[in-house]
Amino acid sequence: RQGAGRPGTLGAIYSALDRAQRKGLVTSELSDPVPVPGGRRRRHYRLTARGEDALRKTRNVRESLWQPARGATK
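Let me begin by describing the structure that accompanies this report. (Residues numbered from 1 in each chain as written. Predicted model: local features only at pLDDT ≥ 70, side-chain atom pairs only at ≥ 80, totals over all residues. Heavy atoms only, no water.)

### Section: the side chain of Thr-48
Piece 1. With respect to the helices and strands, the residue Thr-48 is situated in the loop between strand 2 (43-47) and helix 2 (49-72).
Piece 2. On the basis of relative accessible area, Thr-48 is assigned to the buried category, the value being 16%.
Piece 3. Setting aside anything within four residues of it in sequence, one finds Thr-48 in contact with Gly-24, Leu-25, Val-26 and Thr-27. (Helix = DSSP H or I, 4+ residues; strand = E, 2+ residues; numbered from the N terminus. Buried < 20%, exposed > 50% of the residue type's maximum accessible area, 1.4 Å probe, protein only. Contact = heavy atoms within 4.5 Å.)

### What about a nonpolar patch on the surface?
Piece 1. A cluster of nonpolar residues, Leu-10, Ile-13, Tyr-14 and Tyr-45, forms a patch on the protein surface that exposes about 400 Å² of accessible area.
Piece 2. Counting residues per element, the nonpolar patch draws most heavily on helix 1 (residues 10-22), which supplies 3 residues.
Piece 3. Tyr-14 gets classed as partly exposed once you look at its relative accessible area, which sits at 46%. (Patch = residues over 30% accessible without salt bridge, like charges linked within 9 Å, V, L, I, M, F, W, Y side chains within 5 Å. Areas by Shrake-Rupley, 256 points an atom, 1.4 Å probe, with all protein chains shown as cover. Salt bridge = Lys/Arg side-chain N within 4 Å of Asp/Glu carboxyl O.)

### Digging into the pattern of salt bridges
Pairing is possible between side chains that carry opposite charge, provided their charged atoms lie close to one another.
Piece 1. In the structure shown here, the tally under the stated rule is 4 salt bridges.
Piece 2. Where Asp-53 meets Arg-56, a salt bridge forms, and the shortest distance between an N and an O atom there is 3.7 Å. Here Asp-53 and its partner Arg-56 are both found in helix 2, 3 residues apart, which amounts to about one turn of the helix.
Piece 3. Judged by its relative accessible area of 47%, Arg-56 falls in the partly exposed class.
Piece 4. Each of the salt bridges in this network shares a partner with another, and the network as a whole consists of Asp-53, Arg-56 and Lys-57.

Written out as structure tokens, the structure is:
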């Protein structure tokens, strides 16, 4: 599948993850620092059960919207 045809910025990705976390769709935690001098901690995200359900519903809606278009090309 094709994307939007343009690269996403890290700022946009983190903004979306922040909104998803406020909605309870993902959780996050900070890792231990990377074992190198000046190593930083990294934030790891995990999809919640509520997030999985929302993702599934969104996918079903998107697929149902494309069904009439797919049938017209056959």
